[in-house]
Amino acid sequence: MKKLRARLTAQNACIVCIAILHFLTVASASASDTRIVPREVYIAPFATEQGSGTESTAADEHNAFLPVLSELVFLQASVAEPLLRSNTPEQADSVIGTTMSAEPHEVSLVLLHGSEEVTRVTRPLPPAGLTFAEVQALVNEATTAFVPHLGPVERSLAEAEIVQRSRREEVDQILLLEDRLESRFLLTLWATEIRAVRYDQAKANGPYTEQTEIVFSPFPLVAELTYFRSQSFGLLTRFSIDLNSSTPFYQWRRATAEGESAESAWDLTDNLILLPGVGISYRSLGRVGIDLSFIYSLGAARVTARKDVSLYEWYDQQERPDDFLAEGESVWFLYQMLTFQPGLTVALNDRWALRAATSFSFDPRAIAEDTPYNDTAGLAFRYLQLGLARRF
């Protein structure tokens, strides 16, 4: 009997030891089922706090930078401390936001952990807005205050793996899209433009005044083909046809009497402009890509006068100057342009895209005032051009 009891006691002791070892093993495994990962941060939309009887001036042009202050702080803080961007505040560990109050008139950058405010940096907002130096100082001050609270966080292994897998899938999708967008050829058809036309207007017995007209037109029509020798840089060729009355090849409508107010002739000719061109182009790949092109175009322009027009004011009815073009007459000019054209390309899918660009063009002869036509016709400011592109 004593032997049996001793044997049972020994068995119980073994069971207890095994249980303790199992507990220690599970506890050790549980302790290691965590991982240190970068903090997820949500950039909150810009918000205004209305004061009593005072309207917010957030839309004022001097304060147009306010909605991007949080983004600037996040980007600068990411240099000092690795951070992940969160798409929703619920999933974020921290929130960075910008608020503006009307009374007192000041702007605040706020860091939140959940719904709890951690720290805040506030700066008075003058009526004229902050200068660039003051904006930079505010961003630096907020970054310095926020970084100590933006350290990595501890997550369970399963949660960390889910986040890591999600981030990896996002990166894979971006890289996959870039791979699909990396085509050798890009064919673009451009149409429509919004352009500024500047010209001189003379008053009777008064000084000249510079006028600006904003012109909207479905022209020029441009076919452009770009061959990319590498992922980002390519060679382009294009052909442009433009029908307009807004290129001011002639400056003045013929005056009929001494002392009569001179009338600008910027819209008194019908112009046909044919411009083949070549150039170089840079692109960045992505859902929204940046484009940059330098283009040289050399062609011809046919100008037909609707009224009697001239390059200079004149009043003598008996003598016809060389720069005069009578109503109904036409003349051809050699026409050339150097164009600097930045723009954006929005990918609809891996083959089709919408493009938008702005451009500045000039005839090199206009700089030396050596064009056979009005020098203003050798300058073109295009605020917006729209195009449809096809990759292949």
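Structural data are supplied above this passage.
Cut-offs used in this document
Residues numbered from 1 in each chain as written. Predicted model: local features only at pLDDT ≥ 70, side-chain atom pairs only at ≥ 80, totals over all residues. Heavy atoms only, no water. Helix = DSSP H or I, 4+ residues; strand = E, 2+ residues; numbered from the N terminus. Buried < 20%, exposed > 50% of the residue type's maximum accessible area, 1.4 Å probe, protein only. Contact = heavy atoms within 4.5 Å. Expected span 1.5 Å × (residues − 1). Arc of directions from axis to C-beta. Pairing = 2+ DSSP bridges. Phe/Tyr/Trp six-rings, centres within 6.5 Å; stacked < 30°, edge-to-face > 60°. Core = buried A, V, L, I, M, F, W, Y, C linked by side-chain atoms within 4.5 Å. 1 Å grid on protein atoms, 1.4 Å probe; cavity = no way out; pocket = protein on both sides within 12 Å on 5 of 7 lines; lining within 4 Å. Points joined across faces, edges and corners; volume = space filled by probe spheres on them. Axes fitted to C-alpha atoms, helices over the stretch in contact; angles between N-to-C directions. Parallel < 35°, antiparallel > 145°, perpendicular 65-115°, else oblique. Left-handed = near helix turned anticlockwise from the far one by under 90°. Nonpolar A, V, L, I, M, F, W, Y, C, P; charged D, E, K, R; others polar.

(A) Fine view of the overall build of the protein. Looking only at helices and strands, one finds 5 helices and 21 strands in the protein. Out of the 392 residues belonging to the protein, those deemed buried represent 39%. Pairs at least 24 apart in sequence give 68% of the contacts found in the protein among residues at least 6 apart.

(B) Looking closely at the environment of Phe249. Inspection of the secondary structure puts Phe249 in the loop between strand S12 (233-244) and strand S13 (252-253). Note: C-alpha distance between Phe249 and Asp375 (126 residues apart in sequence) is 7.7 Å. When near neighbours in sequence (up to four residues on either side) are disregarded, Phe249 contacts Asn271, Ile273, Ala301, Val303, Leu311, Phe333, Tyr335, Tyr373, Asn374 and Ala377.

(C) Main features of helix H2 (residues 69-80). Here H2 is 12 residues long and its end C-alpha atoms lie 17 Å apart, about the 16 Å a rise of 1.5 Å per residue gives. Those residues of H2 that sit buried are Leu69, Ser70, Val73, Phe74 and Ala77. For H2, the buried positions fall inside an angular range of 135 degrees around the axis, keeping them on one side. Of the surrounding secondary structure, the elements contacted by the buried residues of H2 are strand S2 (39-43), strand S4 (83-85), strand S5 (94-101), strand S6 (106-113) and helix H3 (132-146).

(D) Region of interest: the sheet that holds strand S18 (residues 324-325). Here 4 strands make up an open sheet; going across it, the order is S14-S13-S17-S18 and the pairing antiparallel. What marks the edges here is a single partner per strand, and that holds for strand S14 (263-264) and S18. Where S13 lies against S14, 2 bridges are found, and the strand directions are antiparallel. Considered in S14, the bridge of Trp252 is made with Ser264.

(E) Spatial organisation of the packing of aromatic side chains. For the structure on display, the rule yields 12 aromatic pairs. Each ring, one from Tyr250 and one from Phe333, has its centre 6.3 Å from the other, and the planes form 45 degrees; the classification is tilted. Taken as a pair, Tyr250 in the loop between S12 and S13 and Phe333 in strand S19 (residues 330-347) lie far apart in primary sequence, 83 residues in all. The two residues Tyr250 and Phe333 agree in class, both being buried. Taken together, a centroid distance of 5.0 Å and an interplanar angle of 40 degrees make the contact between Phe360 and Phe381 tilted. In this pair, Phe360 sits in strand S20 (residues 352-362) while Phe381 sits in strand S21 (residues 379-391), placing the two residues 21 residues apart along the sequence. The exposure class assigned to Phe381 is partly exposed, which follows from its relative accessible area of 30%. Here the aromatic cluster, defined as three or more aromatic residues joined through ring pairs, consists of Phe249, Tyr250, Phe333, Tyr335 and Tyr373.

(F) Examining the nonpolar core more closely. Ranked by internal contacts, the top residues of the largest apolar core, which has 24 residues, are Leu69, Ile96 and Phe146. Where this core is concerned, the elements lending two or more residues are S2, H2, S5, S6 and H3. The element contributing the most residues to this core is H3, with 5 residues. Setting aside residues up to four positions removed in sequence, Phe146 forms contacts with Val73, Ile96, Leu109, Val110, Leu111, Thr119 and Val121. Formed by 17 residues, the second largest nonpolar core is a distinct cluster that contains Ala301, Val303, Leu311 and Ala377.

(G) Region of the structure containing empty space enclosed by the protein. Enumeration according to the criterion identifies 4 cavities of 30 Å³ or more in this entry. In this structure, the largest cavity spans a volume of roughly 250 Å³. Taken together, 19 residues line the largest cavity, and the ones lying closest to its centre are Ser240, Leu275, Met337, Ser361 and Arg382. The set of elements that each furnish at least two residues to the lining of the largest cavity consists of S12, strand S15 (269-283), S19, S20 and S21.

(H) Quick peek at the pairing of S2. Of all 5 residues in S2, 5 are buried; the element is thus mostly enclosed. The two faces of S2 match: Arg39, Val41 and Ile43 on one face and Glu40 and Tyr42 on the other face are all buried. Where S2 meets S4, 3 bridges bridge the pair, whose relative direction is parallel. In the strand pairing of S4, Val41 is matched with Arg85. Here S2 runs beside S5; their pairing, made up of 3 bridges, is parallel. Of the residues in S5, the one forming a bridge with Val41 is Ser94.

(I) Just the pairing of S19, in detail. Taken together, the 17 bridges between strand S16 (residues 288-305) and S19 define a ladder with antiparallel strand orientation. Directly across from Thr304, in S19, lies its bridge partner Ser330. Of the strand pairs in this sheet, S19 and S20 are connected by 8 bridges, and their pairing is antiparallel. In the sheet register, Ala347 faces S20, and the bridge partner there is Ala353. As consecutive antiparallel partners, S19 and S20 are separated by 4 residues.

(J) Representation of the packing of H2 against H3 within the structure. It is the contact of H2 with H3, at a shortest axis distance of 9 Å, that shows an interaxial angle of 55 degrees. Between H2 and H3, the crossing angle belongs to the class labelled oblique. As H2 runs across H3, the sense of the crossing is right-handed. Where H2 abuts H3, its residues Leu69, Leu72, Val73, Gln76 and Ala77 lie against Val135, Leu138, Val139, Asn140, Ala142, Thr143 and Phe146. Its residues placed into classes, the contact of H2 with H3 shows 9 nonpolar, 3 polar and no charged.

Spatial relationships are all this shows, so hold off on functional conclusions.
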